[in-house]
Amino acid sequence: MCTCIALTQRGKFYFGRNLDLEYGFGEKAVCVPRSFPFRFAFAPAQERHYALTGTASLEGGVPLFADACNEKGVCMAGLYFPGNAHYFPAPEAGAHNLAPYELIPWILGACSSAAEAAELLRGVHLVAKPFSERLPLAPLHWMAADGEGCYVAEPTEDGMRVYENGARVLTNNPPFPYHMTRLNDFMALSPAQPQNSFAPELPLRPYGQGMGGIGLPGDASPSSRFVRAAFYAANSVCEEGEEVAQFFHVLGSVSMPRGGVRTPEGKNDVTRYACCMDTESRTVFYTTYGCRRPAAVRMVREGKELSVFSLPEREDVLYLN
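Since the model is a prediction, treat every value here as computed from it, not as a measurement.

(A) Spotlight on the pattern of salt bridges. If you walk through the whole model with that rule in mind, you get 13 salt bridges. E243 is the partner of R10 in a salt bridge, and the nearest nitrogen-oxygen pair spans 3.9 Å. On the criterion of sequence distance, the pair formed by R10 in the loop between strand 1 (2-9) and strand 2 (12-21) and E243 in helix 5 (residues 243-252) is long-range, its members being 233 residues apart. A salt bridge links R34 to E302, with the nearest nitrogen and oxygen atoms 2.3 Å apart. Here E302 lies in the loop between strand 15 (291-298) and strand 16 (307-310) and R34 lies in the loop between strand 3 (28-32) and strand 4 (52-59), a separation of 268 residues in the sequence. According to the relative accessible area criterion, E302 is partly exposed, its value standing at 45%. Among the charged side chains, a network of salt bridges with common partners joins R34, R48, E71 and E302.

Right, here's the structure in full:
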């Protein structure tokens, strides 16, 4: 369970997500310079590509990305999509054949815009090839965005479905068209105070702030998080210099505190980390469940070696006396 948001604030584009899981996957902040070679199971290698920075686990020196941005300001994240994601048993002639864990580096290594990414995604054929026997494939769908466009890619039995995403938000199940249709149920909500259209002859008036948003769903289900994130993202306003803080506040509206969501196995879903990609400075900011003070990693463009950083796990308190 996760939530991803693309947000333009004060003319600058930001992208990020909450990673909601009941366990860690060895996540690190990883910088991939232009000359680190990407090898793919079925596609030609990228010996040189756009530089990337994002969140990945490392397996045999290979970054398996959950989310990342490239030096051109194109961003991408994979989100859990169980019961709907479909991967094919074998490659298909004439398609872009990839293993699912290869999709983010393949797209971001090659694309200078989200529109270009969407065009490539339409030709992708995902093959059910895990990275290793001990790492089974995760069922995923993806959001790719830049300051000009936002797209969702969902692998189905009929092939890759790519949708333009005007809400600029993604969560999990059901498939993306359902989420966009459901937004119609909430079109009357507003951050402004409501007017009495219920019964004009009655002396009805707001008795507190925020009543224009009554009906905004507050539970942690994917469809409710989609609506809530879309509402706060669409109405986001920030002061100069507060863009990153504002982005984390929007993500905070759909974060998961421990104990609020329990899996069928009795484990607790939590927001293990939240990230904000500042595509102007090419910097990724992180908070984790145990540390709400942001840490930052700047993109490394040149070189052949990965730069890998552990995310802070304990609260870093700034004492004032």
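(B) Quick peek at the nonpolar core. Grouped together as the largest cluster of nonpolar side chains are 47 residues, with contacts concentrated most on I5, F15, M143 and Y286. Within the second largest apolar cluster, 33 residues are counted, among which are F65, V124, L126 and M160.

(C) A look at the side chain of T171. Position of T171 among the secondary structure elements: in the loop between strand 12 (169-170) and helix 3 (176-182). Owing to a relative accessible area of 0%, T171 belongs among the buried residues under this scheme. There is a polar contact of 2.9 Å between the side chain of T171 and the backbone oxygen of P222. If near-sequence neighbours (up to four positions away) are discounted, T171 is found in contact with C2, T3, L79, Y80, H141, H179, P222, R225 and F226.

(D) Region of interest: the packing of helix 1 (residues 103-110) against helix 2 (residues 114-121). At their nearest, the axes of helix 1 and helix 2 sit 9 Å apart, and the two run at 130° to each other. By the angle class used here, helix 1 and helix 2 are oblique. As for the relative orientation of helix 1 and helix 2, their crossing is right-handed in sense. Across the interface between the two elements, L103, W106, I107 and A110 from helix 1 touch E116, A117, L120 and L121 from helix 2.

(E) Region of the structure containing the pairing of strand 13 (residues 270-278). Within strand 13, 8 of the 9 residues are buried, which leaves the element mostly enclosed by the surrounding structure. In this structure, strand 2 lies alongside strand 13, joined through 8 bridges in antiparallel fashion. Each residue of the ladder has a partner; that of G16, found in strand 13, is C276. When strand 13 meets strand 14 (residues 283-288), the two strands line up antiparallel, connected through 6 bridges. Across the sheet, A274 pairs through a bridge with T287, a residue of strand 14. Between strand 13 and the antiparallel strand that follows it, strand 14, lie 4 residues; R282 among them carries a positive phi value of about 55°.

(F) Looking closely at the state of the cysteines. As enumerated under the stated definition, the model contains 0 disulfides in all. With no disulfide of its own, C150 lies 7.3 Å from the sulfur of C4, the closest cysteine sulfur. The structure places no disulfide on C291, whose sulfur is separated from the nearest cysteine sulfur, that of C275, by 15 Å. Judged by its relative accessible area of 1%, C291 is buried.

(G) Local environment of the pairing of strand 9 (residues 140-145). Counting buried positions along strand 9 yields 6 of 6 residues, so the element is predominantly enclosed. A two-sided burial pattern is seen for strand 9, the buried positions comprising L140, W142 and A144 on one face and H141, M143 and A145 on the other. Bridge analysis of strand 6 (residues 75-80) against strand 9 gives 6 bridges, and the strand direction is antiparallel. From the neighbouring strand, M76 faces strand 9, where its bridge partner is A144. Where strand 9 meets strand 10 (residues 150-156), 4 bridges bridge the pair, whose relative direction is antiparallel. Each bridged residue has a counterpart across the sheet, and for W142 the counterpart in strand 10 is A153. In this antiparallel pair of consecutive strands, strand 9 and strand 10, the connection spans 4 residues.

(H) Region of interest: helix 2. Burial in helix 2 covers these residues: A114, A117, A118 and L121. All buried residues of helix 2 lie within an arc of 100° about the axis, which places them on one face of the element. Where helix 2 is buried, its residues meet strand 6, helix 1, strand 8 (124-126), strand 9, strand 10 and strand 11 (159-164).

(I) Region of the structure containing the sheet that holds strand 15. Read from one edge of the open sheet, 6 strands run 12-1-2-13-14-15, paired in antiparallel fashion. Both edges of this open sheet fall to strand 12 and strand 15, since each of them pairs with a single strand only. Pairing of strand 1 with strand 12, which is carried by 2 bridges, proceeds in the antiparallel orientation. Bridge pairing links C4 to L170 in strand 12.

What counts, and where the lines are drawn
Residues numbered from 1 in each chain as written. Predicted model: local features only at pLDDT ≥ 70, side-chain atom pairs only at ≥ 80, totals over all residues. Heavy atoms only, no water. Salt bridge = Lys/Arg side-chain N within 4 Å of Asp/Glu carboxyl O. Helix = DSSP H or I, 4+ residues; strand = E, 2+ residues; numbered from the N terminus. Buried < 20%, exposed > 50% of the residue type's maximum accessible area, 1.4 Å probe, protein only. Core = buried A, V, L, I, M, F, W, Y, C linked by side-chain atoms within 4.5 Å. Polar contact = N/O pair within 3.5 Å; in protein donor to acceptor, adjacent residues only side chain to side chain. Contact = heavy atoms within 4.5 Å. Axes fitted to C-alpha atoms, helices over the stretch in contact; angles between N-to-C directions. Parallel < 35°, antiparallel > 145°, perpendicular 65-115°, else oblique. Left-handed = near helix turned anticlockwise from the far one by under 90°. Pairing = 2+ DSSP bridges. Disulfide = S-S within 2.5 Å. Arc of directions from axis to C-beta.

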